Amino acid sequence: MDALARPKDDLFDNSTMTVGEHLEELRSALVKAIIWLAIGLGFGLLVANRVVRYVQEPLKQAIIKYNADRDMAVLGISHTDDPATLRFHQFLMENALVAELVYALPSPLNSLEDRDLVAKEKEGVPGDDVVDKTVAPETTIVDGARRIDTADLIAAIGTVPDPDMMVPTVQFRRSEQGVSSFKVEETFMIWVKAGLIVGAVLASPMIFYHLWSFVAAGLHAHERRYVYVYLPFSVVLFVSGVSLAFFLVLQYVLSFLLAFNSSMEVTVEPRLSYYVNFVLMLPLGFGVAFQLPLVMLFLQRIDLIQTKDYIASWRIATLVIFFISMVVTPADVTSMVALALPLMVLYFLGIGLCLYMPRGRGLGSGAYDPA
């Protein structure tokens, strides 16, 4: 009687496996998952260079567009539908040109040989004797190109240029500004991080399979069906959030940040590690936030929040959504609004799921059972 009255402290009384055997199964599942992650890492490192270059492309395009718009403003050309204006703007973008104001000498000498010839003639040496003997004044060869020191150039001209006689000229130079690295090992670490992320994505089906094989053994049949129903829905929402962030929102965010820095007269020199982390965190925040309908449905199924509470509190939910959007996105209004508006749509989608999805036996009080 005493044995029957004692509470059962051993949670594995009804199990056919001991605690040690459960731990061994867990260890085996983790080892297999890690092996697949290592295999994925190996493939990921093969394409990591392309991935890093690919994620840099939105930044380069944003900088090129920003420079073209700034050049149009500097030149006093307004954005209109005039074909000539559009063609000039497109030309600036296609060639990644940046306008610069330079001051040219009033009477530039045509070549080093001409300057040397003039100097020789001033010394009384006949021109015929020096035509084939011209030597550039104090020139140096760097990477196969001839360069002249500033002091030697002024000496060749013969006098210090008069600022009042210098002619202001606008010239265009090609500029393909991208990200920079301030540490020797920074690029290598980003390469490894990119390879690890790509490897984790490629190996995720097998990693999930081995982890799920361990977890599913302890679940009831109807509980396993929850995963089969909700997991595809969750994956679709996550991929939708990531795609929206990377292919649409990122361009507007970068354009806004570049324009904002310009208004503060701050020159931007994007750093590789910071930019890659920014590109990774923004889509990840969108993907996680897009799980909102499933979270709402789960809270409703366990009777923590009722559907009528969702409907009555939509104003408060709007405030909370904008606050969360501010936290999980970079410090700019564009990305916050771009995340908050889809979340509002998903919030009302969650209300629709709570209202119209069938209810039956399952987890919690009257929860939905896919069976």
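Definitions and limits used
- Residues numbered from 1 in each chain as written.
- Predicted model: local features only at pLDDT ≥ 70, side-chain atom pairs only at ≥ 80, totals over all residues.
- Heavy atoms only, no water.
- Helix = DSSP H or I, 4+ residues; strand = E, 2+ residues; numbered from the N terminus.
- Contact = heavy atoms within 4.5 Å.
- Areas by Shrake-Rupley, 256 points an atom, 1.4 Å probe, with all protein chains shown as cover.
- Buried < 20%, exposed > 50% of the residue type's maximum accessible area, 1.4 Å probe, protein only.
- Core = buried A, V, L, I, M, F, W, Y, C linked by side-chain atoms within 4.5 Å.
- Axes fitted to C-alpha atoms, helices over the stretch in contact; angles between N-to-C directions.
- Left-handed = near helix turned anticlockwise from the far one by under 90°.
- Nonpolar A, V, L, I, M, F, W, Y, C, P; charged D, E, K, R; others polar.
- 1 Å grid on protein atoms, 1.4 Å probe; cavity = no way out; pocket = protein on both sides within 12 Å on 5 of 7 lines; lining within 4 Å.
- Points joined across faces, edges and corners; volume = space filled by probe spheres on them.
- Patch = residues over 30% accessible without salt bridge, like charges linked within 9 Å, V, L, I, M, F, W, Y side chains within 5 Å.
- Salt bridge = Lys/Arg side-chain N within 4 Å of Asp/Glu carboxyl O.
- pLDDT = per-residue confidence, 0-100.

A tally of regular secondary structure across the chain gives 12 helices and 4 strands. Restricting to contacts in the chain with at least 6 residues of sequence separation, those with at least 24 account for 76%. Total accessible area computed for the chain in this model is approximately 24,100 Å², and 65% of it derives from carbon and sulfur atoms.

This part takes up unusual backbone geometry. Leaving glycine out, the prevailing phi sign among residues is negative, and the prevailing peptide bond configuration is trans. Positive phi is not limited to glycine here, since Ala96 has a value of about 50°. Take Ala96: it is sitting in the loop between helix H3 (83-94) and strand E1 (97-104). Ala96 gets classed as buried once you look at its relative accessible area, which sits at 5%.

For soluble globular proteins, nonpolar side chains are generally found buried alongside one another. Residues Leu250 and Phe278 are the most contacted members of the largest nonpolar core, which totals 37 residues. Taken together, the elements giving at least two residues each to this core come down to helix H2 (19-74), helix H7 (221-263), helix H8 (272-289), helix H9 (292-301), helix H11 (314-328) and helix H12 (333-356). Of all the elements, H7 adds the most residues to this core, at 10 residues.

Turning to the packing of H9 against H12, a few remarks are in order. In contact at an axis separation of 8 Å, H9 and H12 are set at 35° when each is read in the N-to-C sense. Both H9 and H12 take part in a crossing whose hand is right-handed. Seen from H9, the contacting residues are Leu292, Pro293, Met296, Leu297, Gln300 and Arg301; seen from H12, they are Leu343, Leu346, Tyr347, Leu349, Gly350, Ile351, Leu353 and Cys354. Within the contact of H9 with H12, the residues separate by chemical class into 11 nonpolar, 2 polar and 1 charged.

The next point concerns empty space enclosed by the protein. Taken as a whole and assessed by the stated rule, the structure comprises 1 cavity of 30 Å³ or more. Here the largest cavity defines a volume of roughly 30 Å³. The wall of the largest cavity is formed by Ile64, Asn67, Ala68, Leu92, Met93, Ala96, Leu97, Val98 and Ser175. Those elements that provide at least two residues to the lining of the largest cavity are H2, H3 and E1.

Tracing the backbone through its elements, the reader meets Lys60 in helix H2. For Lys60 and Val179, which are 119 residues apart along the polypeptide, the C-alpha to C-alpha distance reads 8.5 Å.

On the surface, Val31, Ile35, Trp36, Ile39, Phe43, Leu46, Val47 and Leu202 cluster together to form a nonpolar patch covering roughly 740 Å² of accessible area. The leading source of residues in the nonpolar patch is H2, at 7 residues. Within the secondary structure, Val31 is located in helix H2.

Let us now look at the confidence of the model for the chain. The predicted coordinates should not be examined in detail at positions where pLDDT is low. Summary statistics for the chain give a mean pLDDT of 75 and a share of 75% for residues scoring 70 or more. When mean pLDDT is taken per element in the chain, helix H10 (residues 307-312) scores highest with 88 and helix H1 (residues 2-5) scores lowest with 46. Every residue in residues 109-113 scores below 50 in pLDDT, and together they form 8 contacts with partners more than four places removed in sequence or on other chains. Across residues 361-371, where pLDDT falls below 50, the model places 36 contacts with residues more than four positions away in sequence or in other chains.

We now examine the layout of surface pockets. The volume enclosed by the largest pocket comes to roughly 1,200 Å³. Lining the largest pocket we find 30 residues, and of these Ile197, Val201, Phe238, Val239 and Val242 sit closest to its centre. Going through the elements one at a time, H2, helix H6 (186-216), H7 and H8 are the ones with two or more residues in the lining of the largest pocket. Taken together, the residues that form the lining of the largest pocket break down as 25 nonpolar, 4 polar and 1 charged. Estimates place the volume of the second largest pocket at around 390 Å³. What lines the second largest pocket is a set of 19 residues, and nearest its centre among them are Leu292, Val320, Ile321, Ile324 and Tyr347. Those elements that provide at least two residues to the lining of the second largest pocket are H8, H9, H10, H11 and H12. At 6 residues, H11 tops the list of elements feeding residues into the lining of the second largest pocket. Of the residues that constitute the lining of the second largest pocket, the class distribution is 16 nonpolar, 2 polar and 1 charged.

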